[in-house]
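# Chain and residue survey
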Amino acid sequence: MTTEGQLISESAAWKSLEAHYEKVKGLHLKTLFADDPTRGERLTLDTLGLYLDYSKNRITDETIKLLLDLAEETGLRERIDAMFRGDKINLTENRSVLHVALRAPKGASILVDGENVVPQVHAVLDKLVDFSNRVRSGAWLGHTGQRIRNIVNIGIGGSDLGPVMAYEALRFYSERDLTFRFVSNVDGTDLAEATHELDPAETLFIISSKTFTTAETMTNAHSARDWLLAGLGGDAKAVAKHFVAVSTNAEKVSEFGIDTGNMFEFWDWVGGRYSMDSAIGLSTMLAIGSENFLAMLDGFHQMDEHFRTAPFVENLPAILGLLTIWNTNFLKTQTVAILPYEQYLKRFPAYLQQLTMESSGKHVTLNGAHVDYDTGPIYWGEPGTNGQHSFYQLIHQGTRLIPCDFIAFGQPLNPLGRHHDMLLANVFAQAEALAFGKTAEEVKAEGTPDWLVPHRVFEGNRPSNTLLIKQLTPETLGKLIALYEHSVFTQGALWNIDSFDQWGVELGKALAQRITPELESQTEPELTHDSSTNCLIRRYRKLKKN
């Protein structure tokens, strides 16, 4: 097992993989499939209603064996156990990492500093259910006695990306009599457009900030408060009927005018990007109802237990994570394309960007040693088939190797003629085209002029995974999110990095706090930045005046 300071590149298993790569780097997927007619059946996993076909990766059986050896040598199983025990595996912040506790069933025991946190989780969950039921039923009334019809969630990062993604993903199951809007950007346009045409008397704001001091969130919250009071005659008592908080800072919440009885707690052992199934998911519960929300939590929990107990060779998140290690560190890929062929998952790639890149964007090991290998591939994507008419050109014929995750569902939520068959045909066709391509001989055989042949050749040998699931439901969404959460955990454990801090966001924020008063100052400020920043500040101050 690697120690906290050891570089994975120094391990025997890593060196074996390097030697193995030299042997297989010239193999083409065409050859691998031709030599093994059962490959497309064997290199699959089918569990929890998720079918993963990873046969179109540039791997052999030996690759899988060596990756599994790497997982064993680096102590992946021990690190998984440490997380589920509540050990403080977020070393730089001395915190436990227990998003798995957010979906643990009543009666489970997960300890933080010797205390079982599951009862706390369910106490907050019960409070969320009660509040959600009151709003959805019309029992909760605004300051003027009107029922709530508009919900505006104000947060940023994990307090926004998770709720937005979940609302869009589960809109089919949502309460259509309610309007949901989401505000994250400190750009005033975001709040102005979100509140446009809304009636303050029918609008409820959810302010999601653990400390209730997050600059962007609280700036938006105070402007929302001003908007509400301007529309309701200026009575400060109205705030308590139109604002609730997801926070732990009761003092700040109360100062804002929110009744602390309507403050929903979460804990410092939940990272923002892992928090959408905590009280941060209040807007999700308001949209889809408590039963559907609980079904989503059950989906999360099922994947948690699978990750915790399944042998790695049969373990969906572990295999997905190990394949990412192989592609990133041996095939030297830089990105992963997330390609959901489901319009409801249009925000899923953006959600995964934060989950993966904030977790794995680290350049030092747990004890601060500089890594000599890549970590944190760039995750990006768009729903199919839109992306096919956009960036797939580069994936198919560009100079960069881009692994792709195709996500598809067997049954549509909105059956409409032959739409779904056409959609799924594109999933299977794109994965096939990426893997096997089209040779010059095949292009010539179609009667293509010689001068045009090079332009129509597809090299193929481009890796992809295909996830095929029966239908997008709250339960399957929970499984899908947890799958990627634990894949990221696997990657971080092997890279020996802290996947649960995010110090990289701090420097820019601190500098912004210094620059803001320089932009607002009525007198010319004395600037001590670099010449570029000084010049930009002066130019902006002139633009403000003219």
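Nothing here was measured: the structure is a model prediction, and the numbers come from that model.

Moving on to the UniProt feature "active site" (unreviewed entry) in the chain. On the UniProt side, "active site" (unreviewed entry) is annotated at positions that read Glu358, His389 and Lys509 here. A maximum C-alpha distance of 37.0 Å is found for the annotated residues, which run over 152 residues; spatially they are spread out rather than grouped. Here, the largest pocket is lined by Glu358 and Lys509 out of the annotated residues. Given a relative accessible area of 22%, Glu358 falls into the partly exposed group. Excluding residues within four positions of it along the chain, Glu358 makes contact with Arg273, Gln353, Asp501, Gln502 and Val505.

Residue placement: Ser464 occurs in strand β13 (residues 464-469). Those residues within four positions of Ser464 in sequence are excluded, and the remaining contacts are Asp53, Lys56, Asn57, Cys404, Phe406 and Ala431.

Sheet strands pair via backbone hydrogen bonds, and the direction of the pair is either parallel or antiparallel. Strand order across the open sheet formed by six strands is β1-β2-β13-β12-β10-β11, with mixed pairing between neighbours. Each edge of the open sheet is held by one strand with a lone partner, namely β1 (44-47) and β11 (378-380). Averaged over all adjacent pairs, the angle separating strand axes in this sheet is 15°, with direction ignored. Sheet analysis places strand β10 (residues 335-340) next to strand β12 (residues 404-409), joined by four bridges and oriented parallel. Paired with Leu339 across the bridge in β12 is Phe406. The strands touched by helix α15 (residues 348-360) are β10, β11 and β12; relative to β11, the strand with the most contacts, the crossing angle is about 165°. Each of β2 (50-53), β10, β11, β12 and β13 is contacted by helix α19 (residues 474-495), which is oriented at about 150° to β13, the strand it contacts most.

A separate point is the packing of helix α1 (residues 12-24) against helix α14 (residues 316-329). To characterise two packed helices, one gives the angle between the axes of the helices and the distance between these axes. Two elements in contact, α1 and α14, have axes whose closest approach is 12 Å; the angle formed by their N-to-C orientations is 65°. By the angle between their axes, α1 is roughly perpendicular relative to α14. Where α1 crosses over α14, the two elements pack in a sense that is right-handed. Contacts between α1 and α14 involve Trp14, Leu17, His20, Tyr21 and Val24 from the first element and Ile325, Trp326 and Asn329 from the second. Residues of the contact of α1 with α14, tallied by class, amount to six nonpolar, two polar and no charged.

Further remarks concern the environment of Thr473. By secondary structure assignment, the location of Thr473 is in the loop between β13 and α19. Between the alpha carbons of Thr473 and Lys332 there is a distance of 35 Å; along the sequence they are 141 residues apart. In contact with Thr473, not counting residues within four places along its chain, are Leu170 and Tyr173.

We now examine the sheet that holds strand β7 (residues 203-208). An order of β6-β5-β7-β8-β9 is seen for the five strands of this open sheet, with the pairing classed as parallel. Of all strands in the sheet, those bounded by a partner on one side alone are β6 (179-183) and β9 (263-264). Bridge analysis of strand β5 (residues 150-154) against β7 gives five bridges, and the strand direction is parallel. Its bridge partner being in β7, Val152 is matched across the sheet by Phe205. Here helix α7 (residues 158-169) sits on the sheet in contact with β5, β6 and β7, set at roughly 150° to β6.

The next thing to look at is the layout of surface pockets. When its volume is computed, the largest pocket comes out at roughly 1300 Å³. Lining the largest pocket we find 43 residues, and of these Thr214, Gln502, Val505, Glu506 and Lys509 sit closest to its centre. At the level of secondary structure, the elements contributing two or more residues to the lining of the largest pocket comprise α7, α9 (215-231), α15 and α20 (506-520). Per-element tally for the lining of the largest pocket: the top contributor is α20, with five residues. Residue classes in the lining of the largest pocket are distributed as twelve nonpolar, 20 polar and eleven charged. In this structure, the second largest pocket occupies an estimated 390 Å³ of space. The wall of the second largest pocket is formed by 16 residues, among which Glu342, Gln343, His419, His420 and Leu423 lie closest to the centre. Counted by class, the lining of the second largest pocket contains eight nonpolar, seven polar and one charged residues.

Summed over the entire model, instances satisfying the criterion amount to 23 salt bridges. Between Glu168 and Arg171 there is a salt bridge; the shortest N-O distance is 3.2 Å. The class for Glu168 is buried, based on a relative accessible area of 15%. Judged by its relative accessible area of 29%, Arg171 falls in the partly exposed class. As a salt-bridge pair, Arg273 and Glu358 come within 3.0 Å of each other at their nearest N and O atoms. Taken as a pair, Arg273 in the loop between β9 and α12 (282-288) and Glu358 in helix α15 lie far apart in primary sequence, 85 residues in all. For Arg273, a relative accessible area of 2% corresponds to the buried category. Here the salt bridges share partners, and the residues they tie into one network are Arg103, Asp277, Asp304 and Glu485.

This paragraph deals with unusual backbone geometry. For the bond running from Gly384 to Thr385, omega is 10°, close enough to zero to count as cis. In this fold, Thr385 is placed in the loop between β11 and α16 (392-397). Not every positive phi belongs to a glycine, and Asn496 is a case in point at roughly 65°. Note on Asn496: relative accessible area 1%, which makes it buried.

Rules of the game
- Residues numbered from 1 in each chain as written.
- Predicted model: local features only at pLDDT ≥ 70, side-chain atom pairs only at ≥ 80, totals over all residues.
- Heavy atoms only, no water.
- UniProt positions renumbered as here; feature names shortened; annotations may be inferred.
- 1 Å grid on protein atoms, 1.4 Å probe; cavity = no way out; pocket = protein on both sides within 12 Å on 5 of 7 lines; lining within 4 Å.
- Buried < 20%, exposed > 50% of the residue type's maximum accessible area, 1.4 Å probe, protein only.
- Contact = heavy atoms within 4.5 Å.
- Helix = DSSP H or I, 4+ residues; strand = E, 2+ residues; numbered from the N terminus.
- Pairing = 2+ DSSP bridges.
- Axes fitted to C-alpha atoms, helices over the stretch in contact; angles between N-to-C directions.
- Parallel < 35°, antiparallel > 145°, perpendicular 65-115°, else oblique.
- Left-handed = near helix turned anticlockwise from the far one by under 90°.
- Nonpolar A, V, L, I, M, F, W, Y, C, P; charged D, E, K, R; others polar.
- Points joined across faces, edges and corners; volume = space filled by probe spheres on them.
- Salt bridge = Lys/Arg side-chain N within 4 Å of Asp/Glu carboxyl O.

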